[in-house]
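Each chain, written out:
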Amino acid sequence: MKLKRRQFLILGGVSTIGSGFLGWKFASQNSENPFLETVIAANPNPQDLLLRFVSVADTGTGARGQYAVAKSMNFYHQKNPYNTVILAGDNIYNKGEIEKIEAVFEKPYQPLLQQGVKFHACLGNHDIRTDNGNPQVQYPAFNMQGKRYYTFSKNNVQFFALDTNGNADWENQLIWLEKELSLSKATWKVVFGHHPIYASGHYGNNPKFIKIFTPLFKKYGVQLYINGHEHHYERTRAINGTTYVICGAGAGSRPVGRSKWTEYSTSNLSFATYDVYADRIEVQGIGTNNRVFDRGVISL
């Protein structure tokens with residue numbers, strides 16, 4: 001069908017208005033965030049910084065999306081050096097085959113690995129499809145200490161890695177987690193696992209996890225939980241003192257909505273960064289265009 005020039009201009013105008021409305025709607029959903037799409041600022045050694053780390057999940061495809069996120073992670077490292085990455089599961093698609101480790105981990109993150117950046121992994125649902133994930137547990141560059149759940153500390157921040165899969169040793173793991181949390185003297189407690197507790201994406205909330213973890217985190221002052229599984233980025237408001245960050249768009253993405261407790265959400269390919277100070281953690285979401293699309297603060 002041929003359109004006369006006048007008809008074309010009218011339709012074009014309607015399209016532009018529609019696009020503008022959709023853009024306004026998206027922006028208004030995130031109107032509490034004035035830092036939408038700002039360029040990464042270089043601040044390599046901010047005063048009083050205790051620790052800088054990043055997180056990413058659902059990465060292990062070896063495809064274009066993973067390389068794009070990895071490239072952005074390296075770009076950020078050049079401007080704002082960090083030495084720790086939380087790798088929150090589904091490290092090797094599609095079945096956790098360790099034979100793929102070069103293609104889905106060592107090559108994409110080679111620039112970071114060569115600069116001494118350490119990745120600390122947990123197991124996702126795809127990772128346990130081969131030998132229940134044991135080859136990954138033993139893989140040195142995942143720094144899992146040969147354990148399916150473990151803890152480590154850096155500069156007054158203590159991390160607790162969980163195995164959130166259905167076949168995990170839940171009874172002993174929860175006993176271990178409560179004991180370690182109760183003994184922790186760290187100012188900041190960060191728990192990470194593959195599966196979400198609160199989420200607005202494909203899988204949504206996990207009622208069982210909410211019942212288990214929300215009171216436990218509140219009791220022992222866990223300020224941050226990091227996960228993947230949902231292929232999007234989402235940061236919640238503090239829920240009983242804990243902020244939940246989903247960083248599962250490390251190689252691919254799915255649509256995401258919003259919930260009443262959502263502070264920011266997007267389906268952009270991305271990773272998250274964290275600057276830890278004595279009184280706060282500054283969180284950023286960064287896309288493959290090397291721009292900050294979200295910025296929030298977790299207060300002590």
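It should be noted that the structure appears before, not after, this text.
A short tour of the structure in this document, coming up. Everything numeric here is computed off the predicted structure, so don't read it as measured data. (Residues numbered from 1 in each chain as written. Predicted model: local features only at pLDDT ≥ 70, side-chain atom pairs only at ≥ 80, totals over all residues. Heavy atoms only, no water.)

By secondary structure assignment, the location of Q136 is in helix α5 (residues 134-138). On the accessibility criterion, Q136 (0% relative accessible area) is buried. Separated by 3.0 Å, the side chains of Q136 and N91 make a polar contact. (Helix = DSSP H or I, 4+ residues; strand = E, 2+ residues; numbered from the N terminus. Buried < 20%, exposed > 50% of the residue type's maximum accessible area, 1.4 Å probe, protein only. Polar contact = N/O pair within 3.5 Å; in protein donor to acceptor, adjacent residues only side chain to side chain.)

The strands making up a sheet associate through hydrogen bonds between their backbones, and the pairing can be parallel or antiparallel. One open sheet holds the seven strands; their spatial order is β5-β6-β7-β8-β10-β9-β11, and the pairing between them is mixed. A strand with exactly one partner marks an edge of an open sheet, and here the two such strands are β5 (150-154) and β11 (262-266). Within the sheet, the average angular offset between the axes of one strand and its neighbour, ignoring direction, is 15°. When strand β9 (residues 233-236) meets β11, the two strands line up antiparallel, connected through four bridges. Looking at β11, one finds that T236 is bridged to T262. (Pairing = 2+ DSSP bridges. Axes fitted to C-alpha atoms, helices over the stretch in contact; angles between N-to-C directions.)

So, on to the nonpolar core. Counting 55 residues, the largest nonpolar core has F53, M73, F159, F192 and Y274 as its most contacted members. For F53, the contacting residues outside a window of four places in its chain are Y82, T84, I86, F159, L224, I226, A272, T273, Y274 and V276. Counting 20 residues, the second-largest nonpolar core is a separate cluster that includes V191, F217, Y220 and W261. (Core = buried A, V, L, I, M, F, W, Y, C linked by side-chain atoms within 4.5 Å. Contact = heavy atoms within 4.5 Å.)

Let's shift gears to helix α7 (residues 207-220). With 14 residues, α7 extends 20 Å between its outermost C-alpha atoms, agreeing within 8% with the 20 Å of an ideal straight helix rising 1.5 Å per residue. The principal kink in α7, of about 25°, is found at F213, preceding the proline P215 by one to four residues. Listed in full, the buried residues belonging to α7 are F209, F213, T214, L216, F217 and Y220. Those residues of α7 hidden inside the fold are in contact with α6 (170-183), β7 (188-192), β8 (224-227) and β10 (243-247). (Expected span 1.5 Å × (residues − 1). Bend = angle between axes of the 7 residues up to and from the residue.)

Let us look at the sheet that holds strand β1 (residues 38-39). As summarised here, the arrangement of the seven strands in space is β1-β14-β13-β12-β2-β3-β4, forming an open sheet in which the pairing is mixed. Both outer strands of the open sheet, β1 and β4 (118-121), are each paired with one neighbouring strand and no more. Of the pairings in the sheet, the one linking strand β2 (residues 51-56) to strand β12 (residues 270-276) comprises five bridges and is antiparallel in character. Following the sheet pairing, R52 is matched in β12 by D275.

Moving on, we come to the pattern of salt bridges. Taken as a whole and judged by the stated rule, the model has eight salt bridges. Among the ionic pairs, R235 bridges to D294, the shortest N-O distance being 2.8 Å. Here the residue R235 occupies a position in strand β9, and D294 occupies one in strand β14 (residues 291-299), the gap between them amounting to 59 residues. For the pair R235 and D294, a shared accessibility class is recorded, and that class is buried. Across the salt bridge formed by R280 and D279, the nearest N and O atoms sit 2.9 Å from each other. Taken together, the salt bridges that share partners define one network made up of D279, R280 and E282. (Salt bridge = Lys/Arg side-chain N within 4 Å of Asp/Glu carboxyl O.)

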